[in-house]
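So you can see what is in the structure, the chains are spelled out below.
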Amino acid sequence: MRLPPLESLKSPAPPGKLLVARSGQGAQRIEVPLAKSGTPITVRLICLGPGAAKVTDGSGGPVLDVAGCNATAAYTTGFTGAKSDRVMRLAVQPSVAWRLLVWG
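Keep in mind that what you see is a predicted model, and the values were worked out from it rather than measured.

Visitor: Which residues make up the state of the cysteines, and what values go with them?
Guide: The full count for this structure, using the stated rule, is one disulfide. A disulfide bridge connects C47 with C69, and the sulfur atoms are separated by 2.3 Å. Between C47 and C69 the disulfide shows an S-S torsion of about -90 degrees. By sign, it is left-handed. Here C47 is found in strand β3 (residues 40-48), whereas its partner C69 is found in the loop between β5 (62-66) and β6 (75-80), with 22 residues between them in sequence. For the residue pair C47 and C69, the accessibility class agrees, reading buried in each case.

Visitor: Please provide a residue-by-residue account of the sheet that holds strand β8 (residues 97-103), values included.
Guide: Judged by pairing direction, the sheet is antiparallel, and its four strands sit side by side in the order β1-β8-β3-β6 without closing on themselves. Strands at the two margins of the open sheet, each flanked by one partner only, are β1 (18-25) and β6. If you compare each strand with its neighbour and ignore which way they point, the axes differ by 15 degrees on average. Of the strand pairs in this sheet, β1 and β8 are connected by seven bridges, and their pairing is antiparallel. Within β8, the position partnered with G24 by the bridge is W98.

Visitor: Account for the nonpolar core, naming residues and giving values.
Guide: Within the largest apolar cluster, 21 residues are counted, with the highest numbers of intra-cluster contacts made by L45, A53, V55, W98 and L100. Going through the elements one at a time, β3, β4 (53-57), β5, β7 (87-91) and β8 are the ones with two or more residues in this core. It is β3 that provides the largest number of residues to this core, a total of four residues. With residues up to four places along the chain from it excluded, the contact list for V55 reads L45, G61, P62, V63, L64, M88, R89, L90 and L100.

Each value, and the rule that gives it
- Residues numbered from 1 in each chain as written.
- Predicted model: local features only at pLDDT ≥ 70, side-chain atom pairs only at ≥ 80, totals over all residues.
- Heavy atoms only, no water.
- Disulfide = S-S within 2.5 Å.
- Helix = DSSP H or I, 4+ residues; strand = E, 2+ residues; numbered from the N terminus.
- Buried < 20%, exposed > 50% of the residue type's maximum accessible area, 1.4 Å probe, protein only.
- Pairing = 2+ DSSP bridges.
- Axes fitted to C-alpha atoms, helices over the stretch in contact; angles between N-to-C directions.
- Core = buried A, V, L, I, M, F, W, Y, C linked by side-chain atoms within 4.5 Å.
- Contact = heavy atoms within 4.5 Å.

Here it is as structure tokens:
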């Protein structure tokens, strides 16, 4: 499975510094190098494969919930970061390919 480049999805980068650019397959724990709490954060996920995708923060709080992975869309959310956002968890089926980007 190959994911399309962001440019093909017409998804320009949001403001801020790119903190995380990870790709993989299956569930993953991701460290986010936030400089301080209160920083605006943008999370973007592209995924391809069966089932849903759910991103949570270090305390288990919801960040992004996608009902079905479709590689023709970039799912995006923005919020103000807290200490618990220094770790994010991506829950997907083992066969799901994904790309996660975080700006802050």
